[in-house]
Each structure stands twice: as C-alpha cells, then as structure tokens.
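Structure at a glance
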Amino acid sequence: MSDQLQRLTAALADRYAIEQELGAGGMANVYLAEDLKHHRKVAVKVLRPALAAVIGAERFLHEIEVTAHLQHPHILPLFDSGEADGFLYYVMPHVEGESLRDRLRRETQLGLEEAVAITKAVASALDYAHRHDVIHRDIKPENILLQDGQPVVADFGIALAVTAAGGTRLTETGLSLGTPHYMSPEQATADREIDGRTDTYSLGCVAYEMLVGEPPFTAPTAQAVVAKILAEDPALVTVRRRTVPPNVEAAIHQALAKLPADRFTTAAQLADALANPGFALAGTATTHLIPTEVPSTWQQRLAIPMTVAAVVMTVLFLWASGRPRSDPGPLRRYPIALPADQALRPRFGSRIAVSPDGARIVYIGSGEGGGAQLWLREWHRLQATPLAGTEDPRTPFFSPDGENVAFFSSDEALVIAALDGAPPVVVADSGIRSEGGWWGRDGYLYVDSPGGLARVPEGGGAPAEPVTKIAEGETSHNWPTGLPNGKGLLFIIRHGGDVSQSEVAVVDFETGGHRTLTRGVHVRYARTGHLIYATADGTLMAAPFDQGRMEMTGPATALTEVVGLGQYGTADLDLSDNGTLVYVAGGGGTGGSSELVWVSSDGTAEPVVADWRGQFHTVALSPDGLRLAVSMVTQEQEHIYVRGLDGGVPSTLTFTGSRNWRPEWTPDGRGITFVSDRSGKLNLYLKPADGTGLAVPLLDRELGVEEAEWSSDGEWLVFREGGGLSGHQRDILAVRPGKDEDPVALATTESEEKVPTLSPDGRWLAYESTESGRAEVWVRPFPGPSEAKWKVSLNGGVEPLWAHNGRELFYRNRNNELVVATVQTTPTFALVSEQALFPAGAYRLENNHRAYDVAADDQRFLMIRLGGTGGSGELVLVENWFEDLKARVGS
C-alpha cells in the first residue's frame, strides 16, 4: 500500500473504511469504501494533491456544496465532503453499474433509442441544475454513470471549483480540466461569461459520440482538438451513420452550434427536439442536413440491399469498359458487393490494391480450407478470380504496368505473382518485414525492414539495401509510397504502440535524410498534387504537396471518406494514377468491432457475453475457468479488462501506459501478468487480478519482454524477448522468479522463436519457429538442457497451445484451420496423429502471440470473432475522385 493511501485510510478511519482504488482521473482518485455509520458502499473521491493545493480547502468545500442542494433522479447526490490530513474529498453513492465511457469502450456506438434516451435524461438533469443556477462545466461520458440502466450525472460543482481557482495557477500544475473533446468554444477560449448553453454543447458532443463512435472533433493533441472546435464544423451525423433520423441529427447539430446564441436556450429544448420528428434547424428544411452531393438514381438504388448480380450490373453500367477516359466524367461512389466465398478476409495490414489505371483491384479473400489468398477483380467481369500460389498473403501492391502484384508471405518473404497465371517468384526472404510496400519505376521494390525502409531489385538475387535509418525516438518505418518524380518516398513513422503519435514522413533519395510532415497512420500521393493520408481516428485528409520540394504547401482539409483502421492503424485504402479511390469504410478509431465467442470442436460459435463488443486483442481464461482477461483498444490505447463468464460488469485492470496486452493468469488465479509499454519499452508486469494494489515490474530486459507464460506449479516463467520494437530476433528463455539471476536459454537460434506454451506436467515446451524456412510448431524438453526437438505441424503452424489433458496440442495451420495434434509424452515425445477441427479465418490471428484459449474440457475455444459476426466492412469504390478532391482542396 502506498504512503498516500495509508495516510488517507488512517485519516478517514472513523467514518469510512477504504477497500480498494476504483480508478484515477485527471482531477481525482476514486476509492470504494464502506460508510461505517450507515453501513453502505460509497465512492470516495480524493482530489489530486497538486489540484487541492491550487483550489484550497475553503473554496473547494464552498463550491462542492452546490451538489448537496440538487435533488433530481438523474443527478448523483452528494453524501459528504471535507478535508482530512491535507486531503480534499467528497463522497457519493457507489454506482454498481458502469460509466458511459466504460460502455462506449466496449461497444463504440449505442443503439439509436438508447442514445436518445440517455441524452434526454441528462438534458433533464442539466435543465434542473441550470434553473438552480448551477452549471456543470464538465459533461463527458466519464461523468455519466449508468445505474440500473438509468443515467445519473456525477461531479456537479467540481468543475466550478477548479475553474474558480484561476487558469494561471492551474496551468502551472500541469493539470487541466476535463478533456477538450467536449468543451464548448467559449469554454475552450476561457471566456468569463459562461452559462448553461456550454453544458448543452457538451451534451451534444456526448450524443454525437454515442451515435457515431467518437466525438465531433478528434486530433492527436489537445491543442489540435481546440483548433478544430473553433475553426471547423462537425461532420454530419448521417454521413457516419445513415439510420439516424433527421430530427435527431438536427437537434445534435443545433446543440453544437459555435455561438451560444445559435444553440438551444435551455437543455429542455434539446430534449424536446429529440422527441419531435418534425424538428429541423431554424430557417432550414431537414433535407438541408444531408450531404451536398445528392445521390443519383443509380446510387440510391445501390444503397438498397441487392443481389450480387444486380450490384455488379450497376457497377458495369457506371464503369462502362473499365478503361480510363479522356473526359473524367462525374464523381460516383458506390459499394462493391463480393460473394461470400470471395469476400475480404480479416488480416493484418492492407488487404486491397488498385491497379495504376484503376481498372481492377487485387485483394485478400477466402482461400481453401478456411485460409486466405489473393483475388483479382476486374470491373468488366462479373466474378473475381483467385491467383494461384498466393496462399496466406499480406499487403498486396501492383507493379507500375499493372501486370504483376507483389505481396508478403506468412514467412515475411517478398513474392511477385504475375496476373497472367505464371507461378509466383520469391524475390527476397530475409532482411525485410511485411508492413507495406511500393513498386517503383526504377526497378526496385521498397519495403519495410527492421532498421527502416529498404529496397529489393524486382528480379531478386540481391540482399535488401537500406533506404532510411530509424532515428532516435522512432520505432519503425512503414507503408512506403513513392513520388512520381522519383525524388523520394512518403512513409509512416511509428513511435511505440500509440498510433495517435504516428507521423507521415518523406525521405529524399539524394540526401538519404527524412523528415516528418504531419500526424497520420497511412499515406498516398495523388497526382493532382496532394498528400492523402488517414489520421488515427480514420478521417481521410488532403493537403497540397509540392513533390519537387517534398513539402506541404497549405493546410490539410478533412474529406468525407472515413476509413476503417486495423491494428497499428493499418488501412484498407489505395488510389490509382487516374483518380480511382478504393477503400474499406469504417466508423473511425483504430480497428473494427469484434466479439468474444466460444467455438466448439465442430466450428459452432456462440457469444461468450451477449452484446459485448469492442476491439479485443488478446485473451486468457482464469485457471478455474470462471473469468477471462482481455486486452481491448479504445481511444488509441490498449488496456486489460477482467470479467466473469457469467456476465457482470468488466473491471479495468490497467490504467497507465498506452499499450497493455497479452495477459496471462498466475497458476493460483490471483494475479495477472501482462506486457506494457509504461516504462518506455515493452516489459512484463504483475498485478492482482481483483485490481487492488499496483502493477509491479516482473521482468525488465534490455530487449524488452513481449510475451510470457507460467509453469503450472508457478516455479518457472517462460518468456520471449526480441522482435517488435527491439529489431532483434525473437528468442525464448525461462527464469525462476526470486531464485535465478540469469535466465535459461531455451530457443535462441538465428530464426524467429515465439509463442511458448508449457505442457501441464511442465516437461515439454511447444513453440513456434521459422528455422525450417517457414513458421512451424516444435516441441522440446523443458527446461533442458537436451537439444532434442520434434516438429509437430505438418503444413505450417502458428499459435500453439497445450490441452489441459497433456495429450494434445492445438495450433493453426497454413490454411488457417485450427488443428489438434495427438501426441505421446512417455517414455519420450512422439506425434501420433493430426486433425483439422474447423476453419479459423473469421477469428483473430495474432502474429506473434496466441489470440485464443481453451476451456478446461478441451472441447471449446475462447476466440475473438472479427467484425462482431465475422464481417469485414464495406468495400467502397469512388470513380473520378480527383474531381472531388480538387473541388474540396484546390488544384
């Protein structure tokens, strides 16, 4: 227990028994406590010391009194407040449910009826408070609690106390009030005269986020968010969610008016507008709220669900022969329907590439046995065609003449496939990585490598040649795309696991130096002279760009397209030389929705917890099989949550660091180890599974620790270091915590060894290795020192996992099927048989760690189903996009 917590516990001991910390925010820490007098659970909120020093006890206690006078069913009451041993605190009921923020982290978007109901309830509470001359000043999802399904607003009076302390002194502490995403323009500019309409604006932001999945304005920094609030208009709700009724959209956008005079006079008027189907913005018709580009008759028909054949015929009518025309013609947008057996498959990296002439695409679709392969779709043909020899591909990209396509294999080899059916050719199998590529007109293919960008001759036969060098503070260079004048490359710089910090950069071939241009996660160059890039929230941006000087020459403009993003901000987006844009639409944020499911041995799947969706990443079952730990990405950060399999409310295990993932339970089920970047590099931490106490470093290695697993007796900790951000090859080692100073090397060859899993009896280690030239599953004695080992997989293998019975090993094969291998372990190890259980292509595949677990009966598998139901997002084609681009940004 920390000194501060000990002091607080002692100071309040006569009134409240502190039980555990529930969370920490920018202004206060929250503790669960027992009210000793009334025998009830309460939430004790303690102001951070720096903030308490700025406000002062007298001012704080005076301002917090306002909450005590507010009595409304949707306002959380104040029980107590005071000062104790220098701590300023206030006490409120402990809400058994969750906050709206917790709900949005799981589900991203809420149902229309529920979102409107929550908004109306909060508006009712605000209207009551405003009529009593109380302004909240910090309405946001964190301050809206859901108690038995009913919203209650918390923390009235806190924001007023902070504001009254004065901006200068507050700024000196390094603290800030709330988050800028929900601040009104007048609050963002620190206007002295603020009334209830500032709360109405903030509630409009919350309603917008509940429907769209993110606030009206997002940006990598607080300053950039404020700049957007002051200078830009929010995108229309129906651009992001077409099912929202006109009156709801109109009500939200009136609440978001820049000038308070243009908003609703009272919060009650906002609630009335939401309930009135005929409501429209003053002086306008509701039809004025739809995008200015009115769909044509053909586009309207395409918006209606149709058969695949009907959509294809419509596309053919619009596209004509599929060849470029001297007259660009009108701008047209429409979805591309793909048959179920040819649909996009969930994969890491970009899944689509458009040919330079815009006449066809290559994409990653379904393969044999549940795997994946490349498909060629030409617009003048009704069906896509599979490309032979392209199994398990990543990140396709076209040659300049459009006759060949390059891609990365599962072994991170660079492969070229001819579209005329010639066998694929490997041009590089070492010194590269599979995160983006570009085929230059100079005869080189430009790709990612551990040290930066590199280039490989298109004919092969030569090692990868460095193009850029990763600088201090940078972790990788990815997703290159060349400039037509041949002077340099655009690419993405990553800084750790926080994709919101990723930057668009350019390298000058003549000098070899590179520099950053702007924040972004994916970039393309448009021959209209524009830089096209996606931000971390999925917004597509455009800025004028001088390729001669290799610099932006004007401000960026947000476009109407919203791109779906995957892990690390990877985007399904490409642009042809003649202005054909192809992308997978998304709702913003990094990654799409997924759900946790039980998959039986016959492939039947059912949700683990109904209606729980989010961007789940890695998962682990507790030893007793009653709980799960899962990492989930929200707001460009990844944290670990613990939840009972019988439902209940998920509890947050981690709060600091931008990336916390790969949880593993200790054998007694009391603790969870996980990988976190909170120290600046990835290392291993341990925290009690009930969330009490602090996370403590368990392993701190120079190369970082990126995954780990305990032996069943808790004696050994097997871990993997290297790879990822370190640039070093991946190696597997083991240590006995508290006994060994130096770890034992287990699998440390020049190949890649990862995903260790120990047999229940602790005698055998299974792992994944590329020593045979491709990823396979191997088994060796544990802890050694025997050099004996056996290859288990027969057709490639990743993600091994021992069954609880110790007689079976599970893994995914090259066809992306889940396989069970029956083995014998006495008197020595031997492979008995193998059987493919079910196709696993619809479930998350974690490249360097296992993304599933198995129940105690070894018959059900806990897996992450992508897209919630296995969907992959809507593929959108925009014809003659350059005309729209020039109209919006200028030539």
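Residues numbered from 1 in each chain as written. Predicted model: local features only at pLDDT ≥ 70, side-chain atom pairs only at ≥ 80, totals over all residues. Heavy atoms only, no water.

**Some remarks on the overall build of the protein**
We apply this condition: Helix and strand definitions here come from DSSP, where helices need a minimum of 4 consecutive H or I residues and strands a minimum of 2 consecutive E residues; each element is numbered from the N-terminal end. Think of it in three bands: with a 1.4 Å probe and only protein chains considered, a residue is buried below 20% of the maximum accessible area for its type, exposed above 50%, and partly exposed in between. The contact definition used throughout considers only heavy atoms, calling two residues in contact when any of these lie within 4.5 Å. Shrake-Rupley sampling with a 1.4 Å probe provides the accessible areas, and residues are treated as covered by the protein chains on show and by no other component.
If you tally the helices and strands in the protein, you get 16 helices and 57 strands. A buried classification covers 57% of the 891 residues belonging to the protein. Within the protein, contacts between residues at least 6 apart in sequence are counted, and of these 49% link residues at least 24 apart. Entry remark: accessible area of the protein is about 35,100 Å², with carbon and sulfur atoms responsible for 50%.

**Some words on the confidence of the model for the protein**
In low-pLDDT segments, the atomic positions of the prediction should not be examined closely. Threshold: Known as pLDDT, the predictor's confidence for each residue is given on a scale from 0 to 100.
In this model, the protein carries a mean pLDDT of 83, and residues with pLDDT of at least 70 account for 87%. Mean pLDDT per element in the protein: helix H14 (residues 297-302) is the minimum at 30, and strand S55 (residues 853-854) is the maximum at 97. Counted against residues more than four places away or in other chains, residues 165-178, with its pLDDT under 50, gives 26 contacts. In the predicted structure, residues 283-327 sits below a pLDDT of 50 and forms 62 contacts with residues beyond four places in sequence or in another chain.

**Structural notes on unusual backbone geometry**
Along the chain, Phe782 connects to Pro783 via a cis peptide bond; the corresponding omega equals 0°. Inspection of the secondary structure puts Pro783 in the loop between strand S49 (776-781) and strand S50 (790-791). Omega for the peptide link from Thr826 to Pro827 comes to -5°, which places this bond in the cis form. Residue placement: Pro827 occurs in the loop between strand S53 (817-824) and strand S54 (830-839). A positive phi angle, near 60°, is found at Asp133, a position not held by glycine. Within the secondary structure, Asp133 is located in the loop between helix H5 (112-131) and strand S7 (144-147). Judged by relative accessible area, Asp133 falls into the exposed class, the value being 72%. Here the phi dihedral of Met550 falls at roughly 55°; this positive angle occurs in a residue that is not glycine. Mapped onto the secondary structure, Met550 falls in the loop between strand S28 (539-546) and strand S29 (551-552).

**With respect to the packing of aromatic side chains**
Spelled out, the test is: The aromatic pairing rule takes the rings of Phe, Tyr and Trp, using the six-membered ring of Trp, and pairs them if the centres are within 6.5 Å, calling planes under 30 degrees apart stacked, those over 60 edge-to-face and the rest tilted.
This structure, assessed with the given rule, holds 14 aromatic pairs. Here Tyr446 and Phe509 contribute two aromatic rings whose centre-to-centre distance is 5.6 Å and whose plane-to-plane angle is 15°, an arrangement assigned as stacked. Within this pair, whereas Tyr446 is found in strand S19 (residues 444-449), its partner Phe509 is found in the loop between strand S24 (503-508) and strand S25 (514-519), the two being separated by 63 residues in sequence. Here the aromatic rings of Phe674 and Tyr685 are separated by 6.1 Å at their centres, their planes lie at 25°, and the arrangement is stacked. Here Tyr685 lies in strand S41 (residues 683-688) and Phe674 lies in strand S40 (residues 671-676), a separation of eleven residues in the sequence. The same class applies to Phe674 as to Tyr685, namely buried.

**Some remarks on helix H13 (residues 267-275)**
For clarity, the cut-off: The arc in question is the one traced by the directions running from the helix axis out to the C-beta atoms.
Here H13 has its buried residues at Ala267, Leu270, Ala271, Ala273 and Leu274. Across the axial projection of H13, the buried residues extend over an arc of 160°, all falling on one side.

**Examining the sheet that holds strand S12 (residues 372-378)**
We count it as follows: Being paired, for any two strands, means DSSP has found at least two bridges between them.
The strand order across the open sheet formed by four strands is S10-S11-S12-S13, and the pairing between neighbours is antiparallel. Of all the strands in the sheet, the pair left with one neighbour each is strand S10 (352-354) and strand S13 (385-386). Here S12 runs beside S13; their pairing, made up of two bridges, is antiparallel. By the bridge assignment for S13, Trp375 is matched with Pro386.

**Some points on the sheet that holds S25**
Convention followed: Axis lines are fitted to C-alpha atoms, over the contacting stretch for helices. Their N-to-C directions set the angle, which ranges from 0 to 180 degrees.
Strand order in the open sheet formed by four strands is S22-S23-S24-S25, and the pairing between neighbours is antiparallel. Of all strands in the sheet, those bounded by a partner on one side alone are strand S22 (476-482) and S25. Taken over all neighbouring pairs, the strand axes of this sheet differ in orientation by 30° on average, direction set aside. As defined by bridge partners, strand S23 (residues 488-494) adjoins S24 across six bridges and the pair is classed as antiparallel. The partner of Leu489 across the bridge, within S24, is Val507.

**Considering the nonpolar core**
Threshold: By nonpolar core we mean a set of buried residues, namely Ala, Val, Leu, Ile, Met, Phe, Trp, Tyr and Cys, connected to one another through side-chain atoms within 4.5 Å.
Counting 48 residues, the largest nonpolar core has Leu100, Phe156, Met210 and Ile252 as its most contacted members. Breaking this core down by element, the ones donating at least two residues are helix H4 (100-107), H5, S7, helix H9 (197-212), helix H10 (222-231), helix H12 (246-255) and H13. By size, the runner-up hydrophobic cluster in this structure holds 22 residues, among which are Leu565, Ala571, Tyr583 and Leu885.

**A short note on helix H16 (residues 881-889)**
Count 3.6 residues to each turn of an α-helix, and residues three or four apart come out pointing the same way. Looking at H16, one finds that the buried residues are Trp881, Phe882, Asp884, Leu885 and Val889. Down the axis of H16, the buried set is contained in an arc of 160°. They therefore lie on one face. One or two residues past the end of H16 sits Gly890, with phi positive at roughly 100°.

**So, the pattern of salt bridges**
Just so we agree on the cut-off: What makes a salt bridge here is a side-chain nitrogen of Lys or Arg within 4 Å of a carboxyl oxygen of Asp or Glu, nothing more.
Counted under the stated rule, the structure contains 47 salt bridges. A salt bridge links Arg15 to Asp14; the nearest nitrogen and oxygen atoms lie 3.5 Å apart. Among the residues examined, Asp14 registers a relative accessible area of 59% and is labelled exposed. Arg720 is paired through a salt bridge with Glu706; the nearest N and O atoms lie 3.5 Å apart. Of this pair, Arg720 sits in strand S44 (residues 717-721) while Glu706 sits in strand S43 (residues 705-710), placing them 14 residues apart in sequence.

**What to know about the side chain of Lys754**
How we decide: Under the rule applied, a polar contact is a pair of N or O atoms within 3.5 Å (in protein, one hydrogen donor and one hydrogen acceptor; residues adjacent in sequence only if both atoms are side-chain atoms).
By the element assignment, Lys754 lies in strand S47 (residues 753-758). By relative accessible area, Lys754 is classed as buried at 10%. A polar atom in the side chain of Lys754 sits 2.6 Å from the side chain of Asn848.

**Observations regarding the packing of H5 against H9**
Note the following rule: With respect to orientation, any angle under 35 degrees is reported as roughly parallel, any angle over 145 as roughly antiparallel, any angle of 65 to 115 as roughly perpendicular, and every other angle as oblique. Residues are grouped as follows: nonpolar covers Ala, Val, Leu, Ile, Met, Phe, Trp, Tyr, Cys and Pro; charged covers Asp, Glu, Lys and Arg; every other residue, Gly included, is treated as polar.
Running from N to C, H5 and H9 point in directions that differ by 170°, and their axes come no closer than 10 Å. Taken together, the axes of H5 and H9 are roughly antiparallel relative to one another. Residues Leu112, Ala115, Ile118, Thr119, Val122, Ala123, Leu126 and His130 of H5 form the contact with H9, whose own contacting residues are Asp199, Leu203, Ala207, Met210 and Leu211. A per-class count over the contact of H5 with H9 returns ten nonpolar, two polar and one charged.

**Here we look at the environment of Gly452**
Locating Gly452 in the fold gives a position in strand S20 (residues 452-457). For Gly452, a relative accessible area of 0% translates into the label buried. With 15 residues separating them in the primary sequence, Gly452 and Val467 have C-alpha atoms 7.1 Å apart. Those residues in contact with Gly452 that sit more than four places away from it in its chain are Val447, Thr468, Ile470 and His477.

**Section: the side chain of Thr535**
Looking at the element boundaries, Thr535 is found in the loop between strand S27 (530-534) and S28. Under the relative-accessibility criterion, Thr535 is labelled buried at 14%. Excluding residues that lie within four positions of it along the chain, Thr535 makes contacts with Gly520, Val521, Met541 and Leu565.

**A few points about the packing of H5 against H13**
As a reminder of what qualifies: Left-handed describes a crossing in which the near helix is turned anticlockwise from the far one by less than a right angle; the clockwise case is right-handed.
It is at 7 Å that the axes of H5 and H13 come closest, and there the two elements cross at 155°. Comparing the axis directions of H5 and H13 gives the class roughly antiparallel. By crossing handedness, the relation of H5 to H13 is classed as left-handed. Counted together, Val116, Thr119, Lys120, Ala123, Leu126 and Asp127 of H5 and Ala267, Ala268, Leu270, Ala271, Leu274 and Ala275 of H13 form the full contact between these two elements. Of the residues belonging to the contact of H5 with H13, the class tally is nine nonpolar, one polar and two charged.

**Things to note about the pairing of S24**
For S24, the buried fraction is high: six of the six residues fall into the buried class. On S24, burial covers both faces: Glu503, Ala505 and Val507 on one face and Val504, Val506 and Asp508 on the other are all buried. Sheet topology places S24 next to S25; five bridges connect them, and they run antiparallel. Paired with Val506 across the strands is Arg515, a residue of S25. Where S24 folds back on S25, the antiparallel hairpin that results is connected by five residues, among which Gly512 adopts a positive phi of roughly 80°.

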